[in-house]
Protein chains: 2
Amino acid sequence: MRVSELAREAGVALSSVKYYQREGLLPPGVRGAPNQVEYGAAHVQRVRLVRALLETGGLSVAVARRVVGALDTQGAPIAEAFGVAQHAMSTARTPVAAPSAVSRERILDLMARIGWRAGPDNPGVTAAARALDGLGTIGFTPSEEYLDAYAEAAGITARADLEALTTRSEADGITELMVVGTVLGDPLAAGLRRIAQQDATHDAFPQHGAAVVDRETRR
Amino acid sequence: MRVSELAREAGVALSSVKYYQREGLLPPGVRGAPNQVEYGAAHVQRVRLVRALLETGGLSVAVARRVVGALDTQGAPIAEAFGVAQHAMSTARTPVAAPSAVSRERILDLMARIGWRAGPDNPGVTAAARALDGLGTIGFTPSEEYLDAYAEAAGITARADLEALTTRSEADGITELMVVGTVLGDPLAAGLRRIAQQDATHDAFPQHGAAVVDRETRR
């Protein structure tokens, strides 16, 4: 198919496809007749993926390029692909100052308390410590119970992620899910947390009720 | 203190403070001697908070302005402040296309299955459905067990969030934590998920081991 069809098929504007191409986010098409380049189903999928990484995942173009590059590296070792994914989201936002030593210590304490088999250089340590710093600016120092609850939740999602990986057979599919799942699992978790918060509000502040989704009517 | 001291105290560049001021993210100082404006401890805290919202929370300036505005509205009803926070993160990223009807249905199904007391207009529905769409581009359709695990994790963090809110007495402190906690709880959860993934990798792919944080040496 031509580039205009590719855009239509993937459901994005032609200008977006051309932008993705310029930014090196799409593999090249196949040269056919003079001045004609052909694209296939793999390109349609890639355009959709790039849009999801940029829009839903909130990645910068530079980070999305690294993620896509990891997918295109045939037979990359699993640990390496995971590393790219792990760092992708961590560097997706504006570069910021290092977290405070106190917050970093609290996260390392938490890891040791739980016995997580992970090193202090895991990018999640910095991300979580920075969040603690931010909460500290409004005078909120999370209790041990609060951090334990978040850690328990993290463990549940991580085990589901790894479980899902083992259902994929070929090495390529595993890497792909590892990378994309790491990026898009965050907005999935964040979205569900919004809904669960609304639910939990009923118990903590019963006067602020809200409607329940009815299984039948969906309203 | 003067504006230069304010910047030093808060640990950000003077140009950042001036930028926050121009963007309406800081309350005005108190006019003292001619050409002199005084700032206090509350300004220092606000500068730190704004930096956390923009950098760690990844909010746009426009969304951060709404969040800060919600904090400055004295006595806003709790449900309203929560609404601002709920929408803040959802609109923090590039505006994107609506999720597919199929993904939206899956999230509404999940909500009904769990019995979450939340409406279909909760912004988390759209965010979670979009993430499902993104995962679909690599041919990954999460199983019911996968979504249930994510929902269970969301419930645990949401209950911890609401529990933390009830430890705050004054209405202001509750609103503040509700708004900021919603924004900064996401990077906290995402950071811990990275660490938990590394831990879980040991079980799923034992050949890709990594060091454990030693409680004593922290290395």
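Residues numbered from 1 in each chain as written. Chains lettered and ligands numbered in written order. Predicted model: local features only at pLDDT ≥ 70, side-chain atom pairs only at ≥ 80, totals over all residues. Heavy atoms only, no water.

**Student:** Account for the overall build of chain A, naming residues and giving values.
**Tutor:** When helices and strands are tallied, chain A shows nine helices and two strands. When the helices and strands of chain A are listed from N to C terminus, the series reads α-α-β-β-α-α-α-α-α-α-α. Classification of the 219 residues of chain A by burial places 51% in the buried group. Considering only contacts within chain A whose residues lie at least 6 apart along the sequence, 62% involve residues at least 24 apart. Put simply, chain A shows about 9,500 Å² of open surface, and 52% of that area lies on carbon and sulfur atoms. (Helix = DSSP H or I, 4+ residues; strand = E, 2+ residues; numbered from the N terminus. Buried < 20%, exposed > 50% of the residue type's maximum accessible area, 1.4 Å probe, protein only. Contact = heavy atoms within 4.5 Å. Areas by Shrake-Rupley, 256 points an atom, 1.4 Å probe, with all protein chains shown as cover.)

**Student:** Kindly report on the pattern of salt bridges, identifying the contributing residues and their values.
**Tutor:** Counted under the stated rule, the structure contains 14 salt bridges over all chains. Salt-bridge contacts for Arg113 of chain A lead to Asp148 of chain A; the nearest nitrogen and oxygen are separated by 2.6 Å. One end of the pair, Arg113 of chain A, is in helix α6 (residues 101-114); the other, Asp148 of chain A, is in helix α8 (residues 144-166), with 35 residues separating them in the sequence. Linking Asp161 of chain B and Arg193 of chain A is a salt bridge whose minimum nitrogen-to-oxygen distance equals 3.1 Å. With Asp161 of chain B in helix α8 (residues 144-166) and Arg193 of chain A in helix α9 (residues 171-204), this pair bridges two chains. Take Asp161 of chain B: its relative accessible area is 8%, and that puts it in the buried class. Owing to a relative accessible area of 2%, Arg193 of chain A belongs among the buried residues under this scheme. Sharing partners across several salt bridges, the network here consists of Asp161 and Asp186 of chain A together with Arg193 and Arg194 of chain B. (Salt bridge = Lys/Arg side-chain N within 4 Å of Asp/Glu carboxyl O.)

**Student:** Outline the interface of chain A and chain B, listing residues and values.
**Tutor:** Chain A puts 104 residues into the contact, and the matching count from chain B is 104 residues. Interface of chain A and chain B: buried area, both sides summed, is about 9,400 Å²; carbon and sulfur atoms make up 66% of it. Here chain A is connected to chain B by eight salt bridges. Across the chain A-chain B interface, the total number found is 24 residue pairs in polar contact (both at pLDDT 80 or more). Those elements giving two or more residues to the side of chain A that touches chain B turn out to be α3 (41-56), α5 (78-90), α6, α7 (123-136), α8 and α9 of chain A. With 28 residues, α9 of chain A is the single largest residue contributor to the side of chain A that touches chain B. (Buried area = accessible area lost by both parts, 1.4 Å probe. Polar contact = N/O pair within 3.5 Å; in protein donor to acceptor, adjacent residues only side chain to side chain.)

**Student:** Residue-level account of the relation of the copies chain A and chain B, with values.
**Tutor:** Under the fitted operation, chain A is carried onto chain B by 0.0 Å of movement along the axis and a turn of 180°, and the coordinates agree to an RMSD of 0.0 Å. With respect to symmetry, the two chain copies, as superposed, fit the operation of a two-fold axis. When C-alpha distances to the rotation axis are compared across chain A, the minimum falls at Ala153 of chain A, with a value of 2.1 Å. (Least-squares fit on C-alpha atoms with pLDDT ≥ 70 in both.)

**Student:** Describe the environment of Arg193 of chain A, naming the residues involved and giving the relevant values.
**Tutor:** Between the C-alpha atoms of Arg193 of chain A and Arg159 of chain A, which are 34 residues apart in sequence, the distance is 18 Å. When neighbours within four sequence positions are excluded, Arg193 of chain A is seen to be in contact with Tyr150 of chain A together with Ala154, Thr157, Ala158, Asp161, Gly181, Thr182, Gly185 and Asp186 of chain B. At 2.9 Å, the side chain of Arg193 of chain A forms a polar contact with the backbone oxygen of Gly181 of chain B.

**Student:** Account for the layout of surface pockets, naming residues and giving values.
**Tutor:** Of the volumes computed, that of the second largest pocket is approximately 400 Å³. At the level of elements, α6 and α7 of chain A together with α3 (41-56) of chain B are the ones that each hand at least two residues to the lining of the second largest pocket. Residues that form the lining of the second largest pocket fall into these classes: ten nonpolar, seven polar and six charged. (1 Å grid on protein atoms, 1.4 Å probe; cavity = no way out; pocket = protein on both sides within 12 Å on 5 of 7 lines; lining within 4 Å. Points joined across faces, edges and corners; volume = space filled by probe spheres on them. Nonpolar A, V, L, I, M, F, W, Y, C, P; charged D, E, K, R; others polar.)

**Student:** Lay out the confidence of the model for chain A with the relevant residues and their values.
**Tutor:** Residues and elements named next belong to chain A. Confidence in the prediction of chain A, expressed as mean pLDDT, is 82, and 80% of residues score 70 or more. When pLDDT is averaged over each element of chain A, α6 comes out on top at 95 and α5 at the bottom at 62. Long-range and interchain partners of residues 208-216, a stretch whose pLDDT sits below 50, account for 24 contacts in this model, where long-range means more than four residues apart. Predicted as a complex, the structure gets a pTM of 0.81 and an ipTM equal to 0.81. (pLDDT = per-residue confidence, 0-100.)

**Student:** Describe the packing of helix α1 (residues 3-10) of chain A against α3 of chain A, naming the residues involved and giving the relevant values.
**Tutor:** Residues and elements named next belong to chain A. Two numbers describe how α1 lies on α3: the axes approach to 9 Å, and their chain directions differ by 55°. When the axes of α1 and α3 are compared, the pair comes out oblique. Where α1 crosses over α3, the two elements pack in a sense that is right-handed. Contacts between α1 and α3 involve Leu6, Glu9 and Ala10 from the first element and His43, Val44, Val47 and Arg48 from the second. Of the residues belonging to the contact of α1 with α3, the class tally is four nonpolar, one polar and two charged. (Axes fitted to C-alpha atoms, helices over the stretch in contact; angles between N-to-C directions. Parallel < 35°, antiparallel > 145°, perpendicular 65-115°, else oblique. Left-handed = near helix turned anticlockwise from the far one by under 90°.)

**Student:** Account for the environment of Val68 of chain A, naming residues and giving values.
**Tutor:** Residue and element names in this part refer to chain A. Looking at the element boundaries, Val68 is found in helix α4 (residues 61-72). Relative accessible area serves as the criterion here: at 2%, Val68 is assigned to the buried category. Val68 sits 22 residues away from Arg46 along the chain, and the two C-alpha atoms are 8.9 Å apart. Leaving out residues up to four positions away in the same chain, Val68 has contacts with Leu25, Arg46, Val50 and Leu53.

**Student:** Report on the nonpolar core, specifying residues and quantitative values.
**Tutor:** Counting residues in hydrophobic clusters, the biggest one holds 124 residues, and the most contacted among them are Ile107, Leu188 and Leu192 of chain A together with Ile107, Leu188 and Leu192 of chain B. When residues no more than four places from it in sequence are discounted, the contact partners of Ile107 of chain B are Leu192 and Ile195 of chain A together with Val125, Ala128, Ala129 and Leu132 of chain B. (Core = buried A, V, L, I, M, F, W, Y, C linked by side-chain atoms within 4.5 Å.)

**Student:** Can you break down the packing of aromatic side chains residue by residue, with the values?
**Tutor:** A complete count under the given rule lists six aromatic pairs over all chains for this structure. Aromatic pair Phe140 of chain B and Tyr146 of chain B: ring centres 5.4 Å apart, planes at 85°, arrangement edge-to-face. Among the residues examined, Phe140 of chain B registers a relative accessible area of 8% and is labelled buried. Aromatic ring contacts, followed pair by pair, group Phe140, Tyr146 and Tyr150 of chain A into a single cluster. (Phe/Tyr/Trp six-rings, centres within 6.5 Å; stacked < 30°, edge-to-face > 60°.)

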